[in-house]
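Report on the structure
Residue-level listing of the chains:
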Amino acid sequence: MSRVSEKQKTVSSSVVIAISNQKGGVGKTTTCVNLGIGLARAGEKVLLVEADAQGSLAVSLGISEPDKLDVTLVNILEKVINDEETESGEGIIRHEEGIDFIPANIELAGLETALVNIMSRETVMRQFLQEMRRQYSYILIDCMPSLGMITINALVAADYVLVPVEAAYLPVKGLQQLIKTIGNIHRKLNPSLQILGILLTKVDRRTNFARETSAMIREAYGERVHIFENSIPLSVRAAETAAEGKSIYLHDPRGAVAEGYLSLTEEVLALAGCVDKPVEAESAGTPGLQKGGGQ
Ligand code: ADP
Ligand code: MG
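Now for a look at the structure at hand.

Parameters and conventions
Residues numbered from 1 in each chain as written. Chains lettered and ligands numbered in written order. Predicted model: local features only at pLDDT ≥ 70, side-chain atom pairs only at ≥ 80, totals over all residues. Heavy atoms only, no water. Buried < 20%, exposed > 50% of the residue type's maximum accessible area, 1.4 Å probe, protein only. Helix = DSSP H or I, 4+ residues; strand = E, 2+ residues; numbered from the N terminus. Pairing = 2+ DSSP bridges. Near = heavy atom within 4 Å. Polar contact = N/O pair within 3.5 Å; in protein donor to acceptor, adjacent residues only side chain to side chain. Areas by Shrake-Rupley, 256 points an atom, 1.4 Å probe, with all protein chains shown as cover. Nonpolar A, V, L, I, M, F, W, Y, C, P; charged D, E, K, R; others polar. Core = buried A, V, L, I, M, F, W, Y, C linked by side-chain atoms within 4.5 Å. Contact = heavy atoms within 4.5 Å.

What follows deals with the pairing of strand β3 (residues 46-51). In terms of burial, β3 is a largely internal element, six of the six residues being buried. Both faces of β3 are covered, namely the face carrying Val-46, Leu-48 and Glu-50 and the face carrying Leu-47, Val-49 and Ala-51. Of the strand pairs in this sheet, β3 and strand β6 (residues 138-143) are connected by six bridges, and their pairing is parallel. Bridged to Glu-50 within β6 is Asp-142. Here three bridges tie β3 to strand β5 (residues 100-102), and the two strands are oriented parallel to one another. By the bridge assignment, Leu-48 is partnered in β5 with Phe-101.

Written out as structure tokens, the structure reads:
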């Protein structure tokens, strides 16, 4: 792992995907790491941006104490706010599995509060990522478990949202709130924002309950929102990767979790240029969603 300093290859177009769900523990960070490294293994130039004060993405990529880092996303966003130039490669760390990432730590919580009082507060991350888009083909943003100002910044900066949903509980209410927020941002701040899809995670394939939850989500949302073909199974192998600082492709390459993330990677590559289901504003009132909401 090393700081990136050399001038990077310029790529022509890029896709920014925010990985978001205001519920914690649903697999956002795990998905960000394994989709990101999956895309890099497919030849894409990938940057992961941690938009979560918990620093779990940094930890998952081998940084044991993110709170001790000198430069994080916070310093970069502060420079954008103050109209200062960022140096090329500033804050970017290279991971041995072929991706670059920008970590965050507890200081991001302070920035979230400070953002409330500044001009163009919703577009700070977009301004920064506009620069990064020239250097990467895929930028994935690992969002925090809330719909506060940092998450709004991520959704304003993104082309797509990928929503991991844990199949072990009834997620309908939280999902409605998230889809409504995405709809609001689509209408008011980022007309090009689309939902790339819902990814079912931590699916315990041995139980009927997981199957029922999966079926319910497909029934409730499937008509309007893409649901990724394959889900990610519940497996201790996935949980172990964070402690090891590497991807599932190295930790358990032949296991079902690696298979699930490979399949997701292929689907994202196929979809990211041509999703045609726009986000609708008042999603909570559509028949499909009410069906799920009553269960
Ligand atoms: P989030 O970013 O949404 O909070 P994480 O990706 O950090 O979620 O996952 C939450 C916890 O669940 C972590 O301890 C992680 O290692 C574990 N985990 C993630 N995916 C799986 C899975 N497929 N099976 C079992 N445990 C998982
Ligand atoms: Mg996380």
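What follows is about the site of ligand 1. The environment of ligand 1 is formed by 14 residues, the closest being Gly-25, Thr-29, Thr-30, Pro-233 and Ser-235. With respect to ligand 1, the side chain of Lys-202 contributes an N or O atom lying 3.0 Å from an oxygen atom. Pro-233 places a main-chain nitrogen or oxygen 2.8 Å from a nitrogen atom of ligand 1. Out of a free accessible area of 560 Å², ligand 1 has 78% covered by protein chains. Put simply, the parts of the chain that give the shell around ligand 1 at least two residues each are α1 (28-41) and α9 (236-244). Among the elements that make up the shell around ligand 1, the one with the highest residue count is α1 (three residues). Looking at the shell around ligand 1 residue by residue, the class counts come to six nonpolar, six polar and two charged.

By size, the foremost hydrophobic cluster in this structure holds 56 residues, and its most contacted members are Leu-108, Met-125, Leu-129, Ile-141 and Ile-198. No other element matches helix α6 (residues 149-157), which puts seven residues into this core. Those residues in contact with Leu-108 that sit more than four places away from it in its chain are Ala-51, Asp-52, Ala-53, Leu-73, Val-74, Met-144 and Ile-150. Among the nonpolar cores identified, the runner-up in size contains 37 residues, and Val-33, Ala-58, Leu-162 and Ile-232 belong to it.

That is the geometry; function is a separate question.
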